[in-house]
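Architecture at a glance
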Amino acid sequence: MAKISRRSGRYPALRWRKTRHSNRAVTEEPGDDSMGTFVIEGGRKLSGTVWISGSKNSSVALIPACLLADGTSRLENLALIRDVQVFARILKDLGANVDFQGHSITIAPNGFSSWKAPYDLVKQLRASYYLMGVLLAKFGRAEVGLPGGCDIGPRPIDQHLKGFKALGAEVRVEGGVVKLRARLLKGTSIYLDIPSVGATINIMLAASRAEGTTIIENAAKEPHVVDLANFLNAMGAKVLGAGTDVIKVRGTKSMKGATHSVVPDDMEAATYMMAAVATRGNVLLRNVIPRHLEPVSAKLREAGATVKEEGDGIRVICNDRPRAVNVKTLPYPGFPTDAQQPLVAVMATAEGTSVVQESVYDNRLGYVSELIKMGAHIKVEGRTAIVEGVPYLVGAPVKANDLRAGAALVVAGLSARGRTEVHGTELIDRGYESMEEKLSSLGASIRREE
Amino acid sequence: MGEFEETRFFKVKTEKQNTAREIILEVYRALKEKGHNPVSQIAGYLISGDPTYITSHRNARSLVRQIERDEILEELVRAYVEQYGDK
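Procedures and definitions
- Residues numbered from 1 in each chain as written.
- Chains lettered and ligands numbered in written order.
- Predicted model: local features only at pLDDT ≥ 70, side-chain atom pairs only at ≥ 80, totals over all residues.
- Heavy atoms only, no water.
- Helix = DSSP H or I, 4+ residues; strand = E, 2+ residues; numbered from the N terminus.
- Rg over C-alpha atoms; globule rule 2.2 N^0.38 Å.
- Contact = heavy atoms within 4.5 Å.
- Areas by Shrake-Rupley, 256 points an atom, 1.4 Å probe, with all protein chains shown as cover.
- Lys, Arg positive; Asp, Glu negative; His and termini not counted.
- Charge placed at Lys NZ, Arg CZ, Asp CG, Glu CD.
- Domains from an automatic or database assignment.
- Buried area = accessible area lost by both parts, 1.4 Å probe.
- Salt bridge = Lys/Arg side-chain N within 4 Å of Asp/Glu carboxyl O.
- Polar contact = N/O pair within 3.5 Å; in protein donor to acceptor, adjacent residues only side chain to side chain.
- Nonpolar A, V, L, I, M, F, W, Y, C, P; charged D, E, K, R; others polar.
- Core = buried A, V, L, I, M, F, W, Y, C linked by side-chain atoms within 4.5 Å.
- Buried < 20%, exposed > 50% of the residue type's maximum accessible area, 1.4 Å probe, protein only.
- 1 Å grid on protein atoms, 1.4 Å probe; cavity = no way out; pocket = protein on both sides within 12 Å on 5 of 7 lines; lining within 4 Å.
- Points joined across faces, edges and corners; volume = space filled by probe spheres on them.
- Pairing = 2+ DSSP bridges.
- Axes fitted to C-alpha atoms, helices over the stretch in contact; angles between N-to-C directions.

Each helix and strand in chain A was counted, giving 14 helices and 25 strands. Relative to a compact globule of 450 residues, whose C-alpha radius of gyration would be 22 Å, chain A shows 21 Å and is just as compact. Summarising the internal contacts of chain A: among those between residues at least 6 apart in sequence, 72% fall at separations of at least 24. Of the accessible surface of chain A, which amounts to about 16300 Å², a share of 46% is contributed by carbon and sulfur atoms. Distance between charge centres in chain A, computed from 58 positive and 47 negative side chains, equals 3 Å.

Shown next, in the form of structure tokens:
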């Protein structure tokens, strides 16, 4: 186990080693002390093929779900990203045996006996709140610190707690820690006020070992909800209706270990699609599910790009300056909030004026000030960005303030004239595997400086 | 001329019917090979439209998207009625 730094109180910085799939792979020790920078010489068209990794949002639900089983589970097609590593560390701290093999992870819950999640790690990761549902289902008890993650505005977990209460748990929040206790979790009907992905997943996790059937109405329909349902079904639970707004979970007393391949990351794919358009490039994305990308594909087509399916891939071609488009972010299958920032980076050099409304989160336009440093003409009014396209951006030193904002600044840097320095690679590493290597293979000039 | 003197009836399946049936069976086999419950996974796909229900094993995920869901449903109902319906 890694020693925690006395100065920062955090785990030491991430170290990387080579695997057969990638030049880099995460070690077993997560951390975020190092402040890295991507140095980009912009203006090069992206061209070639890029392999999309397993979904971050799925992985951070599937990894804790492994603890529900009595036997060993294996997750394949896992992205080698920091959030995955932090979660693996949390599971180890809880007593599970965790072993990485390239892009796969084996998790054996034997030895796992703690219902208290380690606060130091939990606060680094928004999705650590899934431990609430898992620990409650397994032990009838859980203590998990309120989660961390990107600063994109308030993201209350009241819908999660409402679900746990409905299942029969006693819920208390004391000193920043959520404390849950239940003698017996019992299936019931739960109507979510909003189709929250986190609440839907957390209730599915808790209900999978509850007595009887739980019905979640107004459930989230995101692909990673379906991916988790597939995994829970393989483990012996019975989940019906995932991907629709009504999900039924028939709980089971014991669950077995299972092998599961993580669904491809639609948001990583969306970012590379945006990068192809921003650089007027021609990129084939492999290992994607085109249906999950339809809202993004439709918007890019509207902007003048060619987006076509090729087997399990999508090809994106853009030869001319894109046209301005108007967008409002919505829960799936609407235009995803995670693709909003990279899209604004593309619209910054589009022909005409775009209006981009962020309707999911309160504080997701903070990166706009960084794009303005690069010459973009953007005005923010509340949760709306009015983007007046300019012929080109100019490279500048900029700072990522969250994961997708960092990706947007990289997209902007790739299209800009001259040199861009994107500070804060540790935020980008949370959700993008080997971004500089993937972009370099497409012809970009990008390097990492620690 | 002799061989054409009698009226003969041929049951000709349309290309679409064959394609839908072949695809359903191929997807079923792929899901079974990967250890899933194929009936529940295909039902999940039909009600949600999300290809996440279908494994990428044996190219099943791409295959299932070659036909519309309503064509799959029609084929399933047709086969059910042929098997159990009034004759």
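Read on for the rest.
Moving on to the domain arrangement of chain A. Residues and elements named next belong to chain A. Each domain of chain A was delimited in the assignment, giving domain 1 (37–53 + 264–449) and domain 2 (56–261). On the domain 2 side, the residues contacting the 22 residues of domain 1 number 21 residues. The contact between domain 1 and domain 2 buries some 1800 Å² in all, and 53% of this surface belongs to carbon and sulfur atoms. It is Tyr-332, Arg-430 and Glu-433 in domain 1 that bury the most area against domain 2; as a group they hold 37% of the surface buried on that side. Remark: the boundary between domain 1 and domain 2 carries one salt bridge. Between Asp-83 and Arg-430 there is a salt bridge, and its shortest N-O distance comes to 2.9 Å. Inspection of the region where domain 1 meets domain 2 yields six residue pairs in polar contact (both at pLDDT 80 or more). Across the side of domain 1 that touches domain 2, the residue classes break down as six nonpolar, five polar and 11 charged.

All names here are of chain A. Counting residues in each nonpolar core, the largest one holds 96 residues, and the members touching the most others are Met-204 and Leu-232. In terms of residue count, the dominant contributor to this core is helix α6 (residues 197–207) (eight residues). Ignoring any residue separated from it by four or fewer positions in sequence, one finds Met-204 in contact with Ile-216, Val-225, Leu-228, Ala-229, Leu-232, Val-239, Ile-247 and Val-249. If you look at the next biggest cluster of nonpolar residues, it comprises 71 residues, including Leu-46, Val-307, Ala-350 and Tyr-367.

This part takes up empty space enclosed by the protein. All names here are of chain B. Tallied over the full model, the rule gives three cavities of 30 Å³ or more. In this structure, the largest cavity encloses a volume near 50 Å³. Taken together, Ile-23, Ile-24, Val-27, Ile-42, Val-64 and Ile-72 make up the lining of the largest cavity.

A few words on the layout of surface pockets. Put simply, the second largest pocket is a space of about 730 Å³. Lining the second largest pocket are 33 residues, and of these Ser261(A), Thr55(B), Ser56(B), His57(B) and Arg61(B) lie nearest its centre. Elements with a minimum of two residues in the lining of the second largest pocket: α7 (223–234) and β15 (259–261) of chain A together with α3 (60–64) of chain B. Split by residue class, the lining of the second largest pocket holds 11 nonpolar, 15 polar and seven charged. Both of domain 1 (37–53 + 264–449) and domain 2 (56–261) of chain A provide at least three residues apiece to the lining of the second largest pocket.

Residues and elements named next belong to chain A. Taken in spatial order, the three strands of this open sheet run β8-β10-β9, and their pairing is antiparallel. Here the strands that pair on one side only, and so sit at the sheet edges, are β8 (141–145) and β9 (170–174). Taken over all neighbouring pairs, the strand axes of this sheet differ in orientation by 15 degrees on average, direction set aside. The strands touched by helix α4 (residues 130–139) within the sheet are β8 and β10 (177–181), with β8 carrying the most contacts at an inclination of about 160 degrees. Across the sheet, helix α5 (residues 158–166) touches β9 and β10, and the angle it forms with β9 is around 145 degrees.

Glancing now at the interface of chain B and chain A. The interface of chain B with chain A comprises 14 residues on the first partner and 20 residues on the second. Both sides of the chain B and chain A interface together cover about 1300 Å² of buried area, and 45% of this is carbon and sulfur. Three residues stand out in chain B for area buried against chain A, namely Thr52(B), Tyr53(B) and Arg65(B), and they jointly supply 38% of the buried area on that side. Summed over the shared surface of chain B and chain A, the result is two salt bridges. As a salt-bridge pair, Glu309(A) and Arg65(B) come within 3.2 Å of each other at their nearest N and O atoms. Inspection of the region where chain B meets chain A yields eight residue pairs in polar contact (both at pLDDT 80 or more). Elements represented by at least two residues in the side of chain B that touches chain A include exactly α2 (38–48) and α3 of chain B. Residue classes in the side of chain B that touches chain A are distributed as three nonpolar, seven polar and four charged.

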